[in-house]
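Read off the chains here:
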Amino acid sequence: MAGRADPWADVDFEEIQDQTCLEVDDIKVLFNCFQLFDTKHQDYLLADDIDEVMRAMGFRPTAEELAELIDEIDEDGSGAIEFGEFAQLCAKFLVEDPDPETMRAELKQAFRLFDKAGTGFITMVQFREILAEVDPNLSEVDLDGIIAEIDEDGSGTMDFDEFCEMMMSSPDDE
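Below is a short write-up of the structure. (Residues numbered from 1 in each chain as written. Predicted model: local features only at pLDDT ≥ 70, side-chain atom pairs only at ≥ 80, totals over all residues. Heavy atoms only, no water.)

Judged by nonpolar contacts, the single largest core of 25 residues is most densely connected at Ile50, Phe83 and Phe86. It is helix 5 (residues 83–94) that provides the largest number of residues to this core, a total of six residues. Core analysis: the next-biggest nonpolar cluster, separate from the first, contains 13 residues, Phe111, Phe127, Leu143 and Ile150 among them. (Core = buried A, V, L, I, M, F, W, Y, C linked by side-chain atoms within 4.5 Å. Buried < 20%, exposed > 50% of the residue type's maximum accessible area, 1.4 Å probe, protein only. Helix = DSSP H or I, 4+ residues; strand = E, 2+ residues; numbered from the N terminus.)

For the rest of this paragraph, the subject is the layout of surface pockets. As a volume, the second largest pocket reaches approximately 380 Å³. In this structure, the second largest pocket is lined by 22 residues; those nearest its centre are Asp10, Val11, Phe31, Phe34 and Phe83. For the lining of the second largest pocket, the elements supplying multiple residues, two or more each, are helix 1 (13–20), helix 2 (24–37) and helix 5. Among the elements that make up the lining of the second largest pocket, the one with the highest residue count is helix 5 (four residues). For the lining of the second largest pocket, the per-class residue count stands at eight nonpolar, five polar and nine charged. (1 Å grid on protein atoms, 1.4 Å probe; cavity = no way out; pocket = protein on both sides within 12 Å on 5 of 7 lines; lining within 4 Å. Points joined across faces, edges and corners; volume = space filled by probe spheres on them. Nonpolar A, V, L, I, M, F, W, Y, C, P; charged D, E, K, R; others polar.)

A separate point is the packing of aromatic side chains. Taken as a whole, this structure holds seven aromatic pairs when the rule is applied. Their ring planes at 90° and their centres at 5.0 Å tell us that Phe31 and Phe83 sit as a pair that is edge-to-face. A residue pair is termed long-range when its members are at least 10 positions apart, and Phe31 in helix 2 and Phe83 in helix 5 qualify at 52 residues. Pair check on accessibility: Phe31 and Phe83 agree, each one buried. For the ring pair Phe34 and Phe86, a centre distance of 5.3 Å and an interplane angle of 55° mean the geometry is tilted. One end of the pair, Phe34, is in helix 2; the other, Phe86, is in helix 5, with 52 residues separating them in the sequence. On the basis of relative accessibility, which here comes to 0%, the residue Phe86 falls in the buried class. An aromatic cluster is present here, built from Phe31, Phe34, Phe83 and Phe86 joined pairwise through their rings. (Phe/Tyr/Trp six-rings, centres within 6.5 Å; stacked < 30°, edge-to-face > 60°.)

Before going further, it helps to examine the packing of helix 6 (residues 100–114) against helix 9 (residues 160–168). Relative to each other, helix 6 and helix 9 sit at 120°, their axes nearing to 10 Å. The interaxial crossing formed by helix 6 with helix 9 has right-handed handedness. Every residue of helix 9 that contacts helix 6 at Pro100, Met103, Arg104, Leu107, Lys108, Ala110, Phe111 and Phe114 is listed here: Phe160, Asp161, Phe163, Cys164, Met167 and Met168. Among the residues forming the contact of helix 6 with helix 9, the class breakdown is 11 nonpolar, no polar and three charged. (Axes fitted to C-alpha atoms, helices over the stretch in contact; angles between N-to-C directions. Left-handed = near helix turned anticlockwise from the far one by under 90°. Contact = heavy atoms within 4.5 Å.)

Here the focus is helix 7 (residues 124–134). Along helix 7, the residues that are buried comprise Met124, Phe127, Ile130 and Leu131. Looking down the long axis of helix 7, one finds its buried residues gathered within 115° of arc, a one-sided arrangement. Set apart from the buried face of helix 7 by more than 90 degrees, the exposed residues are Val125, Glu129 and Glu133. Contacts made by the buried residues of helix 7 are with helix 6, strand 3 (121–123), helix 8 (140–150), strand 4 (157–159) and helix 9. (Arc of directions from axis to C-beta.)

Moving on: the packing of helix 4 (residues 63–73) against helix 5. Relative orientation of the contacting elements helix 4 and helix 5 amounts to 140°, with a least axis distance of 10 Å. In terms of axis orientation, helix 4 runs oblique to helix 5. In the packing of helix 4 onto helix 5, the handedness of the crossing is right-handed. Along its contact with helix 4, which presents Leu69, Glu72 and Ile73, the element helix 5 presents Glu85, Gln88, Leu89, Lys92 and Phe93. (Parallel < 35°, antiparallel > 145°, perpendicular 65-115°, else oblique.)

Structure below.
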């Protein structure tokens, strides 16, 4: 292999992983697909060709979905989809959010780990310790703020429904 160029030299795996949550092997496969479709070796695909590319890869977005996705990932509006943008587009079809029932079952398992006494709730003291363990950089003020936000009713506890609500909400929901 001496003297052969690194085929991945131009791929910023870390950045693409941050943007897509894809594994390195998945990114490599997508890069190979991208290169197959980039027949002119321009290092981009035209937005107009993306529908054909996606269908060839087994994805079946509607025309509306595809237009929305291209608008979302083609930030500069150039119509040229570079590999990083292509990976983001494909990740929308490869990385699926679990359905609510699956998510709730997984959260139930996590809740049971925290509810060691089996009381059906986690005390705010326990939750504070968990938060501090997960992120040791949180200050006492940060922890107080998080606890105050979560323990809206002032009960000092969090039951499973409150736990689910907290875990399933996104910063955009606030």
